[in-house]
6 protein chains.
Amino acid sequence: MIQQFIQKAEVLIESLPYIKSFSSKTFVIKYGGSTMEESIKRDIVHDIILLKYIGINPVIVHGGGPEITAYLNKLNLKSEFVNGLRVTDKATMEVVQMVLVGKVNQEVVSMINLYGGKAVGLTGKDGNIIVSKKRLPETIYDTEGKTEKLVDLGFVGEIERIDPKLIIGLCEHGYIPVISPIGVGFDGESYNINADDVASAVAQSLKAEKLIMLTDVDGIYEVAGNPATKITSLTINKAQQMIANSQITGGMIPKVRACIDAVSNGVKRTHIIDGKERHSILLEIFTDKGIGTMVIED
Amino acid sequence: MIQQFIQKAEVLIESLPYIKSFSSKTFVIKYGGSTMEESIKRDIVHDIILLKYIGINPVIVHGGGPEITAYLNKLNLKSEFVNGLRVTDKATMEVVQMVLVGKVNQEVVSMINLYGGKAVGLTGKDGNIIVSKKRLPETIYDTEGKTEKLVDLGFVGEIERIDPKLIIGLCEHGYIPVISPIGVGFDGESYNINADDVASAVAQSLKAEKLIMLTDVDGIYEVAGNPATKITSLTINKAQQMIANSQITGGMIPKVRACIDAVSNGVKRTHIIDGKERHSILLEIFTDKGIGTMVIED
Amino acid sequence: MIQQFIQKAEVLIESLPYIKSFSSKTFVIKYGGSTMEESIKRDIVHDIILLKYIGINPVIVHGGGPEITAYLNKLNLKSEFVNGLRVTDKATMEVVQMVLVGKVNQEVVSMINLYGGKAVGLTGKDGNIIVSKKRLPETIYDTEGKTEKLVDLGFVGEIERIDPKLIIGLCEHGYIPVISPIGVGFDGESYNINADDVASAVAQSLKAEKLIMLTDVDGIYEVAGNPATKITSLTINKAQQMIANSQITGGMIPKVRACIDAVSNGVKRTHIIDGKERHSILLEIFTDKGIGTMVIED
Amino acid sequence: MIQQFIQKAEVLIESLPYIKSFSSKTFVIKYGGSTMEESIKRDIVHDIILLKYIGINPVIVHGGGPEITAYLNKLNLKSEFVNGLRVTDKATMEVVQMVLVGKVNQEVVSMINLYGGKAVGLTGKDGNIIVSKKRLPETIYDTEGKTEKLVDLGFVGEIERIDPKLIIGLCEHGYIPVISPIGVGFDGESYNINADDVASAVAQSLKAEKLIMLTDVDGIYEVAGNPATKITSLTINKAQQMIANSQITGGMIPKVRACIDAVSNGVKRTHIIDGKERHSILLEIFTDKGIGTMVIED
Amino acid sequence: MIQQFIQKAEVLIESLPYIKSFSSKTFVIKYGGSTMEESIKRDIVHDIILLKYIGINPVIVHGGGPEITAYLNKLNLKSEFVNGLRVTDKATMEVVQMVLVGKVNQEVVSMINLYGGKAVGLTGKDGNIIVSKKRLPETIYDTEGKTEKLVDLGFVGEIERIDPKLIIGLCEHGYIPVISPIGVGFDGESYNINADDVASAVAQSLKAEKLIMLTDVDGIYEVAGNPATKITSLTINKAQQMIANSQITGGMIPKVRACIDAVSNGVKRTHIIDGKERHSILLEIFTDKGIGTMVIED
Amino acid sequence: MIQQFIQKAEVLIESLPYIKSFSSKTFVIKYGGSTMEESIKRDIVHDIILLKYIGINPVIVHGGGPEITAYLNKLNLKSEFVNGLRVTDKATMEVVQMVLVGKVNQEVVSMINLYGGKAVGLTGKDGNIIVSKKRLPETIYDTEGKTEKLVDLGFVGEIERIDPKLIIGLCEHGYIPVISPIGVGFDGESYNINADDVASAVAQSLKAEKLIMLTDVDGIYEVAGNPATKITSLTINKAQQMIANSQITGGMIPKVRACIDAVSNGVKRTHIIDGKERHSILLEIFTDKGIGTMVIED
C-alpha cells in the first residue's frame with residue numbers, strides 16, 4: 001500500500017525535469033471539438049489544468065464541425081462543401097457562431113472550471129483578437145484540371161493578424177483562455193475560420209513553446225494506413241514533400257500546413273497527436289519520446 | 001458656421017462637471033437585447049464608448065428574450081411559461097445559451113468594437129463569475145388563491161454569488177465587459193438567469209456608482225399609463241408600496257426589485273430609462289434632471 | 001427641450017473619434033498672457049481642463065509682456081528695446097521674474113484649479129527644467145546695412161536644453177503643468193526667455209502631439225491683412241519662403257519659427273490660432289478643418 | 001595630513017547613528033527669508049541638500065516680510081499693521097505674492113539647485129495644497145482693555161486644510177519642495193498666511209519627524225535676555241505658561257504656538273534654533289544635545 | 001508500454017486537487033541533518049524541489065548534531081551534556097557554527113541546486129533573522145528530586161523573535177531558503193539553538209500552512225514501541241497528556257512541543273513523519289491519509 | 001565646543017559632492033579576512049555601513065587564508081603549496097569551506113549587523129552565484145626552466161561565470177551581501193577560489209563603479225620597498241610591464257591582475273589600498289587624491 005504510494009511519488013519526481021524546462025512557457029492546444037466521449041474530454045481537461053498548475057500557460061483553440069452540422073440539420077440549413085470548405089451564407093454563419101461560441105466553447109470552459117481551472121471563453125471578436133478578411137473564391141477544376149468555375153464561399157475568412165494582448169493578460173492573471181475560431185472583418189462582420197489555422201496563428205503571435213494538435217489519428221505514417229511506419233519527427237522539408245507526393249492527404253493537410261507555418265514563425269515545437277489516447281498531452285510533454293508526430297525545422 | 005462649432009464646444013464644456021464627478025466610477029448598464037432598431041443600438045453603443053473614453057467604466061449586461069423565442073420556434077421547441085418564467089428543459093437551455101452567448105452577446109461586442117471601443121464578451125461561466133443554483137419550483141395558484149400545483153422550472157437559476165475579479169481586471173485594462181445572463185451551477189451546468197437580477201448583482205459586487213436599466217418605457221408613472229405623472233425620484237419605501245398597490249406591475253416589477261436590491265447593497269444610484277430615447281444614457285448622466293425614474297434610498 | 005439635450009449628446013458623440021485619436025497624447029499650449037478679457041480666459045481654461053479629463057495631457061506655457069511693462073512703469077524702470085528684445089538688466093530681470101512667476105503664472109494656476117483642474121506652476125528653475133545661457137549681443141545695423149554696434153541684452157537667455165522629467169511626472173499624476181518662461185543659467189542666475197521658444201522646446205522634449213500657439217490673429221494670410229487669403233496648412237518650406245519674402249513679419253516671425261523648429265524635431269502638428277475666438281482650442285482639435293493655420297512638414 | 005582626513009572620516013562615522021534613525025523621515029524646515037548673509041544661506045542650503053542625500057525628506061517653508069516691505073515701499077504702497085498683522089488690500093496682496101513666489105521662493109529653489117539638490121517651488125495654490133479662508137477682523141482694544149474697533153485685515157488668511165499629495169509625490173521622486181505661504185480661497189483668491197503656521201500645518205499633514213524653525217535667536221530663555229537661562233527642552237504645558245506669563249513675547253509667540261500645535265498633532269519633535277549659527281540644522285540633528293530649544297509633549 | 005505511461009499520467013492527475021489546495025502556501029520542513037543515506041537525502045531534496053515547482057514555498061530548517069560531535073572529536077573538544085543539552089563554550093560554539101553553516105547547510109543547498117532548485121543558505125545571523133538570548137542555567141536534580149546545582153550552558157540560546165522579511169523575499173523570488181539553527185544575541189554573539197524550535201518559530205512567523213518534522217520514526221505510538229498503535233491525528237490536549245504521562249519521551253518531546261507551539265500560534269497543520277521513508281513529504285501531502293502523526297488543534 | 005561641532009558639520013558638507021556622484025552605484029570591496037585587529041575591523045565595517053546609508057551599494061568579498069591554516073593545523077591536516085596555491089584534497093576542502101562560510105563570513109555579517117547594517121552571508125553555491133570548474137594542474141619547473149612535473153591541485157577552482165541576480169536583489173532590498181570565495185562545480189562539488197578573482201568577477205558582473213582591494217600595503221611602489229615612490233594612478237599597460245619586469249611580485253600579482261581584469265571588463269575604477277589605515281575606504285572615496293594605488297584604463 002505504502003509501496004504503491006511511493007511509486008506514485010516517483011512518477012511525480014520523474015516529471016520534475018519536464019516541469020522545470022517548460023516553466024512559464026506557453027502551449028497552444030488545438031482541441032478537436034466535443035464529439036469525443038465524456039471520459040476522454042475529462043482527461044484532456046485534467047491534463048490542461050495540470051499544465052496550468054505546474055506553471056505552464058495553456059491556451060485552447062477549439063473546433064466543432066460535427067456540432068455545427070447537427071444544428072444546421074435541425075434548422076434545415078443544408079451546407080454545400082467546396083474543396084472541403086463549407087459555403088457559409090449569412091444564416092449559416094449565424095448558426096456556426098452560435099454553436100461554436102454559445103455551445104462548444106462554453107462546454108470546454110465549464111468543464112475546465114468544474115475540475116478546478118479558471119477558464120475564460122473568447123472569440124476572435126472579443127478585443128478584436130482575430131482580425132480577418134473574406135477568403136478568395138474557391139476554384140473548381142474539371143476532370144481535365146482546367147478551371148471550371150469560381151465559387152464564393154460567403155463568410156469563410158482568412159486571418160489578417162492576431163492581437164494577443166487580451167490572451168496574454170488572461171494567462172498572466174491565472175486564466176486559461178478558450179478561443180472559438182471566429183474572426184472579425186472590417187465592418188464588424190463574423191468570419192468562419194479554420195481552427196487549425198487559428199491555433200497556428202495564435203501560437204505564432206504568442207511565440208509559443210509548443211503547438212499541440214489533438215486529432216483522432218496517432219500521427220503521420222510514412223506508408224498510409226500502416227501504423228508501423230509512424231514518423232516521430234518530421235522536418236518541414238519532408239512534410240512539404242509528403243504533401244506534394246500525396247503521402248499526406250485530406251484533413252491532415254491543413255493540420256500539417258498549420259504546423260509548418262507555426263515552426264517557420266517562431267513556435268519551438270509542433271505536435272500532431274491522438275486526442276483519444278488517454279492523457280496524450282501529458283505523455284507528449286512528460287516523456288522523452290512523446291507519442292505522435294513532431295513537425296520541426298529542418 | 002464657426003458659431004455653430006462654438007455652440008458645440010459649449011456642450012462639451014457643460015459636460016465637464018459631470019465628467020469630473022464620475023471619473024473612474026463604474027456604471028452597470030442593463031441592455032434590453034437586440035430587438036431595437038439598428039440606429040438606436042448604434043446610439044447606445046456610442047454612448048457606452050464615450051463613457052469609457054471619459055474615464056467611466058461601463059459594464060454591460062444584456063438580455064435577449066425575443067431572439068431566444070425566435071430560435072426556439074425555428075427549432076420547434078415550444079416553451080411553457082409559468083408566472084412569466086420560461087420553463088427551461090435541457091434542450092431549451094442549450095438554445096438559450098447559444099442565442100445569448102453566441103448571437104446577442106457577440107453582436108453587442110462586435111458593434112462596440114466596430115465603433116472604436118474594446119469589448120470582451122463574458123458569460124457567468126467564464127471564470128465562474130456567476131455561481132448559481134436551481135430556482136425553487138414555481139407555485140401555481142387556482143382562482144381562489146389556493147396552491148394548485150408546483151411547477152419545476154428546469155434550468156432557471158438564482159444567483160448565489162458574483163466573483164467580480166475578472167470583470168474588474170478587464171475594466172482596468174481598458175476593456176468593456178459584455179455579460180450574458182448565464183449562471184454556472186455546482187456541477188458545471190448552465191442556468192438561465194433573469195438579466196435584471198444579473199445586472200443588479202454585478203453592480204452590487206462592483207460597488208457601482210450607477211445601475212442603469214435600459215427599458216422600453218420612459219420611467220414609472222404614479223398613475224399607470226399617464227406620462228404626465230412620471231416619477232423622477234422614487235424611494236425604496238415608495239417603490240415597495242407601489243408594487244404592493246399594483247401601481248407597478250408586470251415586467252416592471254423585476255426591474256424595480258433589482259433596483260431596490262442594488263440600492264440596498266451599496267450601489268449609489270439606479271435609473272430606469274427609455275433605451276429607445278436617443279442618447280438616453282448620456283442624457284441621464286449629463287443633465288441635472290435626468291430623463292427616467294431614479295430609485296434611491298429613503 | 002429633450003430634443004435640445006439630444007442634440008447636445010450628439011455633439012459629445014461627434015467628438016468621440018477625436019477623443020480616441022488623441023487619448024494620452026500631450027498638447028503644449030502657448031498662452032499669450034492675461035491681457036485678455038476674463039470671459040475668454042475662462043473659456044480657454046475650460047477647454048484645457050476638458051482636454052485633461054478626456055485623457056489628453058495639456059502643458060501650458062505662458063507669456064506676459066504687457067504685465068511686465070506695467071510693473072516696470074510703476075517702478076520707474078524704463079526698458080530699452082533692441083530688435084524687438086527687451087534689454088534686461090538685473091533690476092529688470094527681478095521684476096520680470098516676479099511678474100511672470102508670482103503674478104501671471106499663479107493667475108493661470110488659480111483659474112484652472114477654480115474650475116476643477118489640478119494645475120501646478122513651474123518655472124524653468126524648478127528642477128532645472130530649462131537650462132539656459134546668455135544670448136549673444138544683438139547687432140544694430142545702420143541704414144546702409146552695416147554693423148553699427150553690438151548691444152548687450154543683459155539677462156535675455158537662450159535655451160540650452162529642457163529636462164522634461166518633472167513635467168512628465170506631474171502629467172502622469174493628473175496635474176496640468178503651467179510653465180513660466182524663465183531659464184536658469186550656469187551660476188543659478190535667471191534668464192528671460194521668449195515664451196514661444198520655451199513652448200516649442202518643451203513640446204520637442206515631450207515629443208508632443210501638438211503645439212498650439214494662442215495668438216490674437218486667426219492665422220497666417222497669403223496676402224497680409226486679407227483674411228480671405230488665410231492659409232489653412234503651411235509647409236515648413238513655404239513658411240520659410242514667406243519669412244524670407246516678408247509675407248510673415250513682426251511678432252509672427254518667432255511664432256512661425258518656433259513651429260518650424262517643433263515640427264522639425266518630432267512634434268506632430270503645430271497650430272497658430274486665435275485665442276480670442278471662443279473655445280478655439282476645442283475647435284482646432286475637434287473639427288476636421290480646424291480654425292487657424294497649421295504648420296506641418298513638407 | 002592623512003591624520004586630518006582620518007579625523008574627518010571619524011566625523012562621518014559619528015553621524016551614522018543619526019543618519020540611521022532619521023532614514024526616510026520627513027523634516028519640515030521654516031526658513032526665515034532672504035535677509036541673511038549669502039554665506040549663511042549657502043550653509044543652510046548645503047545642510048538641506050545633505051539631509052536629502054542621506055535619505056531624509058526635507059520640506060522647506062519660507063517667509064519674506066522684509067523683502068515684501070521693501071517692494072511695497074518702492075511702489076509707494078504703505079502697509080498698516082494691526083496687532084502685528086499687515087492689513088493686506090488687493091494691491092498689497094498682489095505684491096506680497098509676487099515677492100514671495102516670484103522672488104524669495106525662486107531664490108531658495110535656485111540656490112538649492114545650484115549646489116546640487118533638486119528643488120521645486122510651490123505655493124499653496126499649486127494643486128490646491130493650502131486651502132484657506134479669510135481671517136476674522138482683528139479687535140483693537142483701547143487703553144482700558146475695552147474693544148475699541150474691529151479692523152478688517154483684507155487678504156490675510158487662515159489655513160482650512162492641507163492637501164499633502166503633491167508634496168509627498170515630489171519628495172518621493174527626489175525633489176525638495178520649497179513652499180511659499182500663500183493660501184487659496186474658495187473663489188480662487190490668494191491669501192497671505194503666516195509662514196510659521198504654514199510650516200506647522202504642513203508638518204502635521206506629513207506626520208513629519210521634525211519641525212525646525214530657523215529664527216534669529218538661539219532658543220527660548222527662562223529669563224528674557226539672559227542666554228545663560230536658555231531652555232533646552234520645553235513641554236507644551238510649560239510653553240503655554242510662559243506665554244501666559246509673558247516670558248515668551250512678540251514674534252516668538254506664533255513660533256511657539258506653531259510648535260505646540262504641531263506636537264499636539266502628530267509631529268514628533270519641534271525645534272526653535274538660530275539660523276544664523278553656521279550649520280545649525282546639522283548640529284540640531286547630529287548631536288545628542290542639539291543647540292536651540294525643543295518643544296515637546298508633556 | 002504506453003499503458004504504463006498512462007498510469008503515470010494518472011498519478012499526476014490524482015495529485016491535482018492537492019496541488020490546487022496548497023498553491024502558494026508555505027511549508028516549513030525540519031530536516032534532521034546529513035546522517036541519512038545519500039539516496040534518501042536525494043529523495044527528500046527532489047520532493048522539496050517538486051513542491052517549489054508546483055507553487056508551494058518550502059522553507060528548510062536543518063539540524064546536525066552528529067556532524068558537530070564528529071568534528072568536536074577530531075578537535076579533541078569534549079562536550080558535556082546536561083539534561084540532553086550540550087554545554088557550549090566559546091570554542092565549541094565556533095565549531096558548532098562552522099559545521100552547521102559551513103558544512104551541513106551548504107550540503108543541503110548544493111544538493112537542491114544540483115537537482116534543479118535554487119536554494120540559498122541562511123543563518124539566524126543573516127539579516128538578524130533569529131534574535132536570541134542566552135538560555136537560563138539548567139537545573140540538575142539529585143536522586144531525591146532536589147535541586148543539586150545549576151549548570152551554565154554557555155552559548156545555548158532561546159529565540160526572542162523571528163524577522164521573516166528576508167525569508168519571504170527569497171521565497172517570492174523563487175529561492176528555497178535553507179536555515180541553520182544559529183541565533184544572534186544582543187552583542188552579535190552566536191547562539192546554538194534547538195533546530196525543532198527554530199523550525200516551529202519560523203513556521204509561526206510565516207503563518208505557514210504546514211510544519212513538517214522529518215524524524216527517524218514513523219510517528220507517535222499510543223503504546224511505546226508498538227507500531228500498530230501509531231496515532232494518525234493528535235490533539236494538543238492529548239499530546240500534552242502523553243508528555244505528562246511519559247508516553248512521549250526523550251527526543252520526541254521537543255518535537256511535539258514545537259508542534260504544539262506552532263499549532264497554537266497560527267500554523268495550520270504540523271506533521272511528524274519518517275524522513276527515511278522514501279518520498280515521505282509527498283506521501284504526507286498528496287494522500288488523504290498521510291503517513292505519520294499529525295498534531296492539530298483540539 | 002559649538003565651534004567644534006561646526007567643524008564637524010563642515011566635514012559632512014565637504015563630503016556632499018562625493019555622496020552625490022556615487023549615489024546608487026555599486027562598490028565591490030575585497031576584505032582580507034579576520035586577522036586584523038578588532039578596532040580596524042570595526043572601522044572598516046563602519047565605513048561599509050556608512051556607504052550603504054548614503055545610497056551606495058557595497059558588496060563584500062572576503063578571504064581567510066590564516067584562519068584556514070590555523071584550523072587545518074588543529075586538525076593535523078598539512079597543506080602542500082605549489083606555486084603559491086594550496087593543494088586542496090577533499091578533507092581540506094571541507095575545512096576550507098567550514099572556516100570561510102561558517103566562521104569568517106559569519107563574523108563579518110555579525111559585525112555589520114551589530115553596528116546597524118543588514119548583512120547577508122552568501123557563498124558561490126547559494127543560488128549558484130559562482131559557477132566554477134577545476135583548475136588545470138600546476139606545472140612545476142626545474143631549475144633550468146624545463147617542465148619537471150604537473151601537480152593536481154584538487155579542489156582549487158576557476159570561475160566559469162557569475163550569476164549576479166541574487167546579489168542585486170539583496171542590494172535592492174537594503175542588504176549588504178558578504179560573499180565567501182567558494183565556487184560550485186558541475187556535480188555540485190565545492191571549489192576553493194582565489195578571493196581576489198571572485199571580487200573582480202563579481203564587480204564585473206555587477207558593472208561596479210569601484211573594486212576596492214583592502215590589503216596590508218599602502219599601494220604599489222615604483223621602486224620596491226620605497227614608499228616615496230608610491231604610484232597613485234597606474235594604467236593597465238604600465239601594470240603589465242611592471243609584472244613582466246618583476247617590479248610587482250608575489251601576492252600583489254593576483255591583486256593587480258584582478259584589477260586589470262576588472263577595468264578591462266567594465267568596472268570604472270579599481271583601488272589597491274591599505275586596510276590597516278583607519279577609514280581607508282572613506283579616505284579613498286571622499287578625498288580627491290585618494291590614498292592607495294588606482295589601476296585604470298590606458
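This is a predicted model, so every value here is computed, not measured.

Draft legend 1. View of helix α4 (residues 65–74) of chain A. Three or more residues of α4 of chain A are buried, namely Glu67, Ile68, Tyr71 and Leu72 of chain A. End-on view of α4 of chain A: buried residues confined to an arc of 135°, all on one side of the axis. Of the surrounding secondary structure, the elements contacted by the buried residues of α4 of chain A are β4 (85–86) and α5 (90–114) of chain A together with α5 (90–114) of chain B. Downstream of α4 of chain A by a residue or two, asparagine 76 of chain A has a phi angle that is positive, lying close to 60°.

Draft legend 2. View of the sheet that holds strand β13 (residues 210–215) of chain A. Residues and elements named next belong to chain A. Strand order in the open sheet made by the eight strands is β5-β10-β2-β1-β13-β17-β18-β16, with mixed pairing throughout. At either end of the open sheet lies a strand with only one pairing partner, and these are β5 (119–123) and β16 (233–235). Taking the axes of each pair of neighbouring strands and ignoring which way they run, one obtains an average angle of 20° across the sheet.

Draft legend 3. Geometry of the relation of the copies chain D and chain F. For the match of chain D to chain F, the screw axis carries a shift of 0.0 Å, the RMSD comes to 0.1 Å, and the turn is 180°. The transformation just described matches what one would write down for a two-fold rotation axis. When C-alpha distances to the rotation axis are compared across chain D, the minimum falls at isoleucine 54 of chain D, with a value of 2.4 Å. Comparing interface residues between copies, 100% of those in chain D also lie at the interface in chain F; the contact surface is shared.

Draft legend 4. Fine view of helix α7 (residues 195–205) of chain B. All names here are of chain B. Counting buried residues along α7, nine of its eleven residues qualify, which places the element largely inside the surrounding structure. Listing the buried residues of α7 in full gives Ala195, Asp196, Val198, Ala199, Ser200, Ala201, Val202, Ala203 and Gln204. Two residues or fewer after α7 comes lysine 207, characterised by a positive phi angle close to 45°.

Draft legend 5. The relation of the copies chain B and chain A, seen in detail. Under the fitted operation, chain B is carried onto chain A by 0.0 Å of movement along the axis and a turn of 180°, and the coordinates agree to an RMSD of 0.1 Å. A share of 100% of interface residues in chain B that are also interface residues in chain A marks the association as one of identical surfaces.

Draft legend 6. Examining the arrangement of the chains more closely. Looking at chain A next to chain D, you find no contact at all, with the nearest C-alpha pair sitting 29 Å apart. There is a clear gap between chain D and chain E: no contact, and 16 Å between their nearest C-alpha atoms.

Draft legend 7. Up close: the interface of chain B and chain A. The interface of chain B with chain A comprises 34 residues on the first partner and 34 residues on the second. Across the chain B/chain A interface, buried area totals approximately 2700 Å², and carbon plus sulfur atoms make up 56% of it. On the chain B side of the contact with chain A, Tyr71, Met98 and Gln106 of chain B bury the most area, a combined 20% of that side's loss. Applying the counting rule to chain B against chain A returns zero salt bridges. The interface formed by chain B and chain A holds 17 residue pairs in polar contact (both at pLDDT 80 or more) in total. For the side of chain B that touches chain A, the elements supplying multiple residues, two or more each, are α4 (65–74), α5, β5 (119–123) and α6 (165–172) of chain B.

Draft legend 8. Structural detail: the interface of chain D and chain F. Counting residues at the interface gives 31 residues for chain D and 31 residues for chain F. In total, about 2900 Å² of surface goes out of reach between chain D and chain F, with carbon and sulfur atoms giving 79% of it. Looking only at chain D, the three residues that lose the most surface to chain F are Leu12, Ile13 and Tyr53 of chain D, adding up to 21% of its buried area. Inspection of the chain D/chain F interface yields two salt bridges. The residue glutamate 10 of chain F makes a salt bridge to arginine 278 of chain D at a minimum N-O spacing of 2.7 Å. Run the count over chain D and chain F and you get five residue pairs in polar contact (both at pLDDT 80 or more). The set of elements that each furnish at least two residues to the side of chain D that touches chain F consists of α1 (2–14), α2 (16–22), α3 (38–53) and α10 (280–286) of chain D. In terms of residue count, the dominant contributor to the side of chain D that touches chain F is α1 of chain D (ten residues). Each residue belonging to the side of chain D that touches chain F can be placed in one class, and the counts come to 18 nonpolar, six polar and seven charged.

Conventions and cut-offs
Residues numbered from 1 in each chain as written. Chains lettered and ligands numbered in written order. Predicted model: local features only at pLDDT ≥ 70, side-chain atom pairs only at ≥ 80, totals over all residues. Heavy atoms only, no water. Buried < 20%, exposed > 50% of the residue type's maximum accessible area, 1.4 Å probe, protein only. Helix = DSSP H or I, 4+ residues; strand = E, 2+ residues; numbered from the N terminus. Arc of directions from axis to C-beta. Contact = heavy atoms within 4.5 Å. Pairing = 2+ DSSP bridges. Axes fitted to C-alpha atoms, helices over the stretch in contact; angles between N-to-C directions. Least-squares fit on C-alpha atoms with pLDDT ≥ 70 in both. Buried area = accessible area lost by both parts, 1.4 Å probe. Salt bridge = Lys/Arg side-chain N within 4 Å of Asp/Glu carboxyl O. Polar contact = N/O pair within 3.5 Å; in protein donor to acceptor, adjacent residues only side chain to side chain. Nonpolar A, V, L, I, M, F, W, Y, C, P; charged D, E, K, R; others polar.

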